[in-house]
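Residue-level structure breakdown
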Amino acid sequence: MYKLLSIIIAGLFLSSSVLAQSVQEGQQPFRKKESANALYTTIEGQQKNIQHLLEQKFNSKSGKKSKNDKGVRVFESARVADISSSSMNYYYDVEKVKGQENMCNVRLFIATGPNNFLNSDENPGEMLSAREIMENLQYETKVYEFELAVAEQTQILAKATKEYDGLVRDSVKLLKRYEETLAAIEKNKTDRADQLIQMEEDQKRLEALKEEMEAYISREQDWRTRGEKNDR
């Protein structure tokens, strides 16, 4: 899809005369080994996208689904009011142009029966209406591929936004954890300082107790020594 987006953007710089290829009429390859009268043109776009648009267009207008017929797609006995009020067979073929990236040859064959294909001399109204559909196909393909690219880019942006929101949530948690850590570090510093003071006070008490104990023992020993002498 990135490639498709790049191709579309590059296409914006092409002139309209290049993009809007003329629709021609004449004998074209049909069912691989045959030929028949067709409307044909060259369109810029991906093969699958052009096929999708043609499929969607004729399906929506006729209510029918196409099937494969020896390499071409056909809507059999389809009534397409934009072209004719009669039921006809509509064949289309989308072929990649060799050596030209993102370019396709598109052919439309219309038949009232086996080997009875319409042409402008005998069916001017129907062929003119079909020609208009073919002429609009380049524009529709371009718009459709823009829509695909926009949808793809929208998803990419949505994913990036979701990831960014996650990073924001993480940053809030990390900042809170950082602030809590800083507070814990400061508390630790204070606690250590308080503990040093407490240790110094405890050391003083210990020294005082030792001195008091030594003084008591010394007095007791002196007292006992004097008492023994008096007993003598």
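The coordinates are above.
Residues numbered from 1 in each chain as written. Predicted model: local features only at pLDDT ≥ 70, side-chain atom pairs only at ≥ 80, totals over all residues. Heavy atoms only, no water.

Attention now moves to unusual backbone geometry. The phi torsion at Lys32 lies on the positive side, around 70 degrees, for a residue other than glycine. Here Lys32 shows up in the loop between strand 1 (24–30) and strand 2 (34–44). Located in the positive-phi region is Ser77, a residue other than glycine, with phi close to 50 degrees. The class of Ser77 is partly exposed, set by a relative accessible area of 47%. (Helix = DSSP H or I, 4+ residues; strand = E, 2+ residues; numbered from the N terminus. Buried < 20%, exposed > 50% of the residue type's maximum accessible area, 1.4 Å probe, protein only.)

Residues in a regular strand point their side chains to alternate faces of the sheet. In terms of burial, strand 6 (residues 103–113) is largely enclosed, as nine of its 11 residues are buried. In this sheet, strand 6 lies alongside strand 2 in antiparallel orientation, the contact comprising six bridges. If you follow Leu39 over to strand 6, its bridge partner there is Leu108. Both strand 5 (residues 87–96) and strand 6 contribute to a ladder of eight bridges, which runs antiparallel. In the sheet register, Asp93 faces strand 6, and the bridge partner there is Arg107. Where strand 5 folds back onto strand 6 in an antiparallel hairpin, the turn is made up of six residues, including Gly99, whose phi is positive at roughly 80 degrees. Examined bridge by bridge, strand 6 and strand 7 (residues 116–117) share two bridges and lie antiparallel to one another. Its bridge partner being in strand 7, Gly113 is matched across the sheet by Asn116. Between the end of strand 6 and the start of strand 7, which pair antiparallel, lie two residues, with Asn115 showing a positive phi angle near 60 degrees. (Pairing = 2+ DSSP bridges.)

The next point concerns the nonpolar core. Membership of the largest hydrophobic core comes to 26 residues, with the highest contact counts inside it found for Ile50, Leu54, Phe58, Ile83, Tyr90, Val106 and Ile110. For this core, the elements supplying multiple residues, two or more each, are strand 2, helix 3 (47–62), strand 4 (72–79), strand 5, strand 6 and helix 4 (124–231). Here this core takes six residues from helix 4, the largest share from any one element. (Core = buried A, V, L, I, M, F, W, Y, C linked by side-chain atoms within 4.5 Å.)

Quick look at a nonpolar patch on the surface now. On the surface, Leu175, Tyr178, Leu182 and Ile185 cluster together into a nonpolar patch covering about 370 Å² of accessible area. With respect to the helices, strands and loops of the structure, Tyr178 is situated in helix 4. Note on Tyr178: relative accessible area 47%, which makes it partly exposed. (Patch = residues over 30% accessible without salt bridge, like charges linked within 9 Å, V, L, I, M, F, W, Y side chains within 5 Å. Areas by Shrake-Rupley, 256 points an atom, 1.4 Å probe, with all protein chains shown as cover. Salt bridge = Lys/Arg side-chain N within 4 Å of Asp/Glu carboxyl O.)

Within the secondary structure, Asp93 is located in strand 5. Reaching out from Asp93, the side chain makes a polar contact with the side chain of Arg107 at a distance of 2.5 Å. Beyond its immediate chain neighbours, meaning those up to four positions away, Asp93 contacts Gly71, Val72, Asn105, Val106 and Arg107. (Polar contact = N/O pair within 3.5 Å; in protein donor to acceptor, adjacent residues only side chain to side chain. Contact = heavy atoms within 4.5 Å.)

What follows deals with the pairing of strand 1. Inspection of the sheet shows strand 1 paired to strand 2 by seven bridges, in the antiparallel sense. Across the sheet, the residue bridging to Pro29 is Ser35, located in strand 2. Counting the residues between successive antiparallel strands, the hairpin from strand 1 to strand 2 contains three residues, one of them, Arg31, with a positive phi of roughly 55 degrees.

This next bit is on the packing of aromatic side chains. Applying the stated rule across the entire model yields eight aromatic pairs. Ring plane angle 90 degrees and centroid distance 5.0 Å describe the contact between Phe30 and Tyr91, whose orientation is recorded as edge-to-face. With Phe30 in strand 1 and Tyr91 in strand 5, this residue pair connects regions lying 61 residues apart in the sequence. Tyr91 carries the same exposure label as Phe30, and that label is buried. The structure contains a cluster of three or more aromatic residues connected by ring pairs, namely Phe30, Tyr91, Phe109 and Phe117. (Phe/Tyr/Trp six-rings, centres within 6.5 Å; stacked < 30°, edge-to-face > 60°.)

So, about the pattern of salt bridges. The final tally for this structure, using the stated rule, is 11 salt bridges. In this structure, the salt-bridge partner of Lys142 is Glu44, at a minimum N-O distance of 3.4 Å. You can see Lys142 sitting in helix 4 and its partner Glu44 sitting in strand 2, a full 98 residues away along the chain. We note that Lys142, like Glu44, is buried. Where salt bridges share partners, they join Asp93, Glu95 and Arg107 into one cluster.

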